[in-house]
Amino acid sequence: MNLLESHRDHAEQTDDRSIRSWDGASSAFVSAAPRLFAIALRVLQDVGEAEDVVQEAWLRWARADRSVVINPPAFLALTTSRLAINVAQSARRRHEISAGPWLPETTDRSVSPETAAERGEAVDTAIRLLLERLTPAERAVYILRIAFDYPYRRISEILHLGEDHARQLVRRARDHLATERRHPVSTTAHQRLVRTFLAAAQTGDLTELDELLAADVAR
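Cut-offs used in this document
- Residues numbered from 1 in each chain as written.
- Predicted model: local features only at pLDDT ≥ 70, side-chain atom pairs only at ≥ 80, totals over all residues.
- Heavy atoms only, no water.
- Axes fitted to C-alpha atoms, helices over the stretch in contact; angles between N-to-C directions.
- Helix = DSSP H or I, 4+ residues; strand = E, 2+ residues; numbered from the N terminus.
- Left-handed = near helix turned anticlockwise from the far one by under 90°.
- Contact = heavy atoms within 4.5 Å.
- Parallel < 35°, antiparallel > 145°, perpendicular 65-115°, else oblique.
- Nonpolar A, V, L, I, M, F, W, Y, C, P; charged D, E, K, R; others polar.
- Core = buried A, V, L, I, M, F, W, Y, C linked by side-chain atoms within 4.5 Å.
- Buried < 20%, exposed > 50% of the residue type's maximum accessible area, 1.4 Å probe, protein only.
- Phe/Tyr/Trp six-rings, centres within 6.5 Å; stacked < 30°, edge-to-face > 60°.
- Salt bridge = Lys/Arg side-chain N within 4 Å of Asp/Glu carboxyl O.
- Expected span 1.5 Å × (residues − 1).
- Polar contact = N/O pair within 3.5 Å; in protein donor to acceptor, adjacent residues only side chain to side chain.

## Comments concerning the packing of helix α6 (residues 136-147) against helix α7 (residues 152-159)
- Contact geometry for α6 and α7: axes closest at 10 Å, N-to-C directions at 145 degrees. Seen along the crossing, α6 lies across α7 with a hand that is right-handed. From α6, A140, V141, L144 and R145 reach across to α7, where they touch Y152, I155, I158 and L159.

## A word on the environment of G204
- Examined against the element boundaries, G204 turns out to sit in the loop between α9 (187-203) and α10 (207-218).
- Through-space distance from the C-alpha of G204 to that of F148 is 9.6 Å; in sequence the pair is 56 residues apart.

## Brief notes about the packing of α7 against helix α8 (residues 163-177)
- Following both chains from N to C, one finds α7 and α8 inclined at 100 degrees, their axes separated by 9 Å at the closest point. The orientation of α7 with respect to α8, classified from their angle, is roughly perpendicular. Only E163, A166, R167 and V170 of α8 make contact with α7, whose side of the interface consists of Y152, R153, I155 and S156.
- In terms of residue class, the contact of α7 with α8 is built from 4 nonpolar, 1 polar and 3 charged.

## Side note on the nonpolar core
- Within the largest apolar cluster, 36 residues are counted, with the highest numbers of intra-cluster contacts made by I127, I143, F148 and L159.
- Where this core is concerned, the elements lending two or more residues are α5 (113-133), α6, α7, α8, α9 and α10.
- Counting residues per element, this core draws most heavily on α6, at 7 residues.
- Non-local contacts of I143, meaning those with residues more than four positions away in its chain, are made with I127, L130, F148, L193, F197, L209 and L213.
- Counting residues in hydrophobic clusters, the runner-up holds 18 residues, among them A25, L44, A77 and L83.

## A closer look at the packing of aromatic side chains
- Under the criterion given, the structure shown has 3 aromatic pairs.
- Look at W61 and F75: their rings are 5.5 Å apart centre to centre, the planes differ by 45 degrees, and that puts the pair in the tilted class. Highlighted residues: W61 in helix α2 (residues 47-63) and F75 in helix α3 (residues 72-94), separated in sequence by 14 residues.
- Relative accessible area serves as the criterion here: at 3%, W61 is assigned to the buried category.

## Comments concerning the pattern of salt bridges
- Inspection of every chain in the model, using the stated rule, returns 11 salt bridges.
- The salt bridge involving E49 is made with R174; its shortest N-O contact spans 3.4 Å. Taken as a pair, E49 in helix α2 and R174 in helix α8 lie far apart in primary sequence, 125 residues in all.
- Overall, E49 belongs to the buried group, its relative accessible area being 12%.
- The shortest N-O distance in the salt bridge between E132 and R182 comes to 3.3 Å. Residue E132 is located in helix α5, and its partner R182 is located in the loop between α8 and α9; the two are separated by 50 residues in the primary sequence.
- By sharing partners, the salt bridges in this structure join E49, E51, D52, R167 and R174 into a single network.

## Some remarks on α2
- Compared with the 24 Å implied by 1.5 Å per residue over 17 residues, the 25 Å span of α2 between its first and last C-alpha is a close match.
- Listed as buried for α2 are G48, E49, A50, D52, V53, V54, Q55, E56, A57, L59 and W61.

## Notes on the side chain of R133
- As for its position among the elements, R133 is in helix α5.
- A distance of 2.6 Å separates a polar side-chain atom of R133 from the backbone oxygen of L177.
- Every residue in contact with R133, bar those within four places of it in the chain, is listed here: E138, H176, L177, A178, T179, E180, R181, R182 and H183.

Printed below as a string of structure tokens:
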């Protein structure tokens, strides 16, 4: 066997080992996934957040040095528990910018002018916060997912993003909303997004909002 053939054989053996290692990692995670989801759901009491945590656990598992992991199911369960607890602990920090306090009621037509004005001011403040702290993609996914409860598949179709990417963007948005960073905000862009958001919430027709957010992401 010449030197070239020797190197080729060594490379093929290395590739085979890498493929077997990756297949084993995938198999271990798939087997543990139902339990991991149950752990995250028990901590968070929210299906979407539990799914996000399991997705993050997979990313941690994929990046981990699995050669030193003696018990993969235990490692994955511990990782998932820690991630879920971190999400739960950070919920208080992002409570003030979650959808609940500022999303207008779409079915209540009997509110007083004073209440309507208060809601408008709350939306105005929240939208400004989103514009200051999030990228266009983070902002678009966050609004559609958190404020209007869009499924990730629908978000990916509207914004032309992969579902996994959309999930990551929601996580990043939550992290960035907990920071103090500030981006300059265009008055025109701010007013346009507030107006479109309120119209969508009040009428239930999100077509214009979908198009506005998709255009922002595409820029």
